[in-house]
Amino acid sequence: MSRIEKTFERLKVEGRKGLVGYLTAGDPDVEASEARMRAALDHGVDILEVGVPFSDPTADGPTIQAASFRALQGGMDVKQTLALVSRLRADYPEVPIVLFGYLNPLFYYGYEQFCRDVAAAGGDALLVVDLPYEESDELRQHMTSEGLDFIPLIAPTTPTERAKEILKDAGGFVYYIMVTGVTGTRSADATDVKEHVERLRTCTDLPIAVGFGVASGEQASAVGDAADAVVVGSALINAAGEERLVELVDELHAALG
Amino acid sequence: MQKTDPNEMGHFGIYGGRYVAETLMPVLKEVAAAYEAAKADPTFDAEFRRLLTDYVGRPSPLYLAERLTASYGGAKVYLKREDLNHTGAHKVNNTLGQALLAKRMGKKRLMAETGAGQHGVATATAAALFGMECIVYMGEEDIRRQMPNVKRMELLGAEVVPVSSGTRTLKDAMSEALRAWVTFVESTFYVIGTVAGPHPYPVMVRDFQSVIGVEAREQILEKEGVFPDLVLACVGGGSNAAGIFYPFIEDEGVELVGVEAGGYGLDTGQHAASIVGGSVGVLHGTKTYVLQDDKGQIQNAHSISAGLDYPGVGPEHALWADLDRVSYCAVTDDEAMESFYELTLKEGIIPALESSHAVAEAKKRAPAMGSDTVIIVNLSGRGDKDVDAVIEMGAGDE
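Residues numbered from 1 in each chain as written. Chains lettered and ligands numbered in written order. Predicted model: local features only at pLDDT ≥ 70, side-chain atom pairs only at ≥ 80, totals over all residues. Heavy atoms only, no water.

Caption draft 1: Broad picture of the packing of aromatic side chains. If you walk through the whole model with that rule in mind, you get 17 aromatic pairs over all chains. Seen from their ring centres, A:F8 and A:F173 are 6.0 Å apart, and the 50° between their planes marks the pair as tilted. Note that A:F8 is positioned in helix α1 (residues 3-14) and A:F173 in the loop between α8 (160-167) and β7 (174-177), a separation of 165 residues in sequence. For the pair formed by A:F8 and A:F173, the shared burial category is buried. Seen in terms of ring centroids, A:Y22 and A:F100 are 5.1 Å apart; in terms of plane orientation they differ by 70°. Their pairing is edge-to-face. In this pair, A:Y22 sits in strand β1 (residues 18-24) while A:F100 sits in strand β3 (residues 97-101), placing the two residues 78 residues apart along the sequence. Grouping residues by exposure puts A:Y22 and A:F100 together as buried. The structure contains a cluster of three or more aromatic residues connected by ring pairs, namely A:Y22, A:F100, A:Y175 and A:F212. The positively charged end of B:K3 is found above the aromatic ring belonging to B:Y246, 5.3 Å away from the centroid. One cation-aromatic arrangement involves B:R109 over B:F184; the distance from NZ or CZ to the ring centre is 4.8 Å. (Phe/Tyr/Trp six-rings, centres within 6.5 Å; stacked < 30°, edge-to-face > 60°. Helix = DSSP H or I, 4+ residues; strand = E, 2+ residues; numbered from the N terminus. Buried < 20%, exposed > 50% of the residue type's maximum accessible area, 1.4 Å probe, protein only. Lys NZ or Arg CZ within 6 Å of the ring centre and 35° of its normal.)

Structure, rendered in structure tokens:
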């Protein structure tokens, strides 16, 4: 059983919703980002999304754009991101780690080498924002060889038939984007999210995480109701910048219990 | 060589495709399906042709630049006068086509990115014509250097949104437009200004711009009785070049050369020559040649001309380059400026700084070609928008 499967099994037993936390690797520098990730994990993040910074993050709002920019200014790159994953893996053997980013740095690195190095570093899955299902064959082949899960994104605009097609090859969990928009800018209507998640349940048996626009425990609890996990990104970065990351993680963790 | 067309997924060989967030995939498929249906509908084409004739003023003349030809002392130089189009550049050919498609799809709001402002003006113009709302994303640096076009867009009723991320130029404007499209995907039609971006934009924009090459091909046969020896066009994203090249692709004797922006010179690293000085990558929804560092991060482009200041290029150009059907070269800021002044003084035509790059390449090549040979330069736009910037640069030299 994979770490992701085990985590969702555990959550089911505990009767909790999972907390998926996103932080950009190298923001504001390598050491501080590692410290933030460790703090987030120590305070109840169940699945860690490690953001691989990219120069042109076209699906991200101002917060993650700025985080990527700071990371790149500090010289962060794919190699150092993998080294960071490797250090986290040594101390957190059971926590699923998802590499989250854009295609070009991976493409430049080389898919085969990248997947091999992610697996070696202890990563579990990849989520590539600008790689839709139709373009993903080549990368997915290499991921499969290395035992990595391809986390699919489903949007409010994705028709049901298309969702079925995408989800037939997916692994790990499904990431449902709750709002039409970029990260961290809009909040979702819980009733609306519930309808979409229920529709997705007819397409897959995988656990469903919902994200984009969750900033507080209250919101997490509301949208998390229908789902298996809630993803929080921009709000964690903002909180970390204000020295209240731990408080927010505690709040979210409590709200999902 | 046969004409190149993408497969159903928008791949031109290994290039092109759709590298966007899942949120946009359904709408891209809708746009592609609507475009296929429109192409098959004679009333769509008739309406497009009517606008090109009566509204844009097509066909644009193919003008023999005699004084320029005499000064170069070689090949006859013809200028395809896209600068004489309504709004002053080739961009309007495409925006009218896309606005007609938007209307067909029932969209009431157009959105665009712009560098030099020509595409923004052309989109704002189409929006006014069709009674649609218009919002244009433009980098703060470009707003500064192309102020006349900002004023024009505002007069036309468009909202110009300044983009302050990155280098505050075309690349960042396009990133911001893609973000905005994700947000307003239900209501808004995104009018991309060049042959880049996700499928179907590269092929759709090329098709709308192909009127340039179709006309030039007929006009030169009428005037000279032969095909041109050489066709030159500047390449940023590459829409004016794709428009004039595509109809000549099967004419083997016609040499096609795309002129990229060499900025301060290729060896300085400060340029916008994605094919000549870049490598394969993925940017703004398409796989193509891009400017990137050794970590796969997109690099900042530099060009004196805001319209060429982009670190990527249309995927069909990437394929044409690999197939050696079109060759690509680069012209520096200084060479483009020199040709800007020369064309202005010799012919009384003030060219856009973008188009001045293509003129500069003609200046290099014409002298070595015989007087019985023919060059067509695509004069993609006029330089009114550049007057302030050119004067400012001239003042800086003193």
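Caption draft 2: Representation of the nonpolar core within the structure. Core analysis: the biggest nonpolar cluster contains 194 residues, and A:Y175, A:V210, B:L101, B:Y190, B:Y201, B:I244 and B:F245 have the highest contact counts within it. The contact partners of B:I244, leaving out residues within four places of it in the chain, are B:K80, B:I212, B:G213, B:A216, B:V231, B:A233, B:I376 and B:N378. With 30 residues, the next largest nonpolar core counts B:V259, B:L308, B:I349 and B:A366 among its residues. (Core = buried A, V, L, I, M, F, W, Y, C linked by side-chain atoms within 4.5 Å. Contact = heavy atoms within 4.5 Å.)

Caption draft 3: Fine view of the side chain of B:D172. Residues and elements named next belong to chain B. Inspection of the secondary structure puts D172 in helix α8 (residues 170-183). In this structure, D172 is buried with no salt-bridge partner, the nearest side chain bearing the opposite charge being K171 at 4.3 Å. Not counting the four nearest positions on each side in its chain, D172 is found in contact with V163, S165, G166 and T167. (Lys, Arg positive; Asp, Glu negative; His and termini not counted. Salt bridge = Lys/Arg side-chain N within 4 Å of Asp/Glu carboxyl O.)

Caption draft 4: Region of interest: the confidence of the model for chain B. Mean pLDDT over chain B works out to 96, with 99% of the residues at or above the 70 mark. Across the assembled chains, the prediction reports ipTM 0.96 with pTM 0.96. (pLDDT = per-residue confidence, 0-100.)

Caption draft 5: Region of the structure containing the sheet that holds strand β7 (residues 159-163) of chain B. Residue and element names in this part refer to chain B. Pairing within the open sheet is parallel, and its four strands lie in the order β7-β6-β5-β8. The sheet terminates laterally at β7 and β8 (188-190), the two strands that pair on one side only. In this sheet, adjacent strand axes meet at a mean angle of 25° when their direction is disregarded. The strands touched by α8 within the sheet are β5 (109-114), β6 (133-139), β7 and β8, with β5 carrying the most contacts at an inclination of about 155°. (Pairing = 2+ DSSP bridges. Axes fitted to C-alpha atoms, helices over the stretch in contact; angles between N-to-C directions.)

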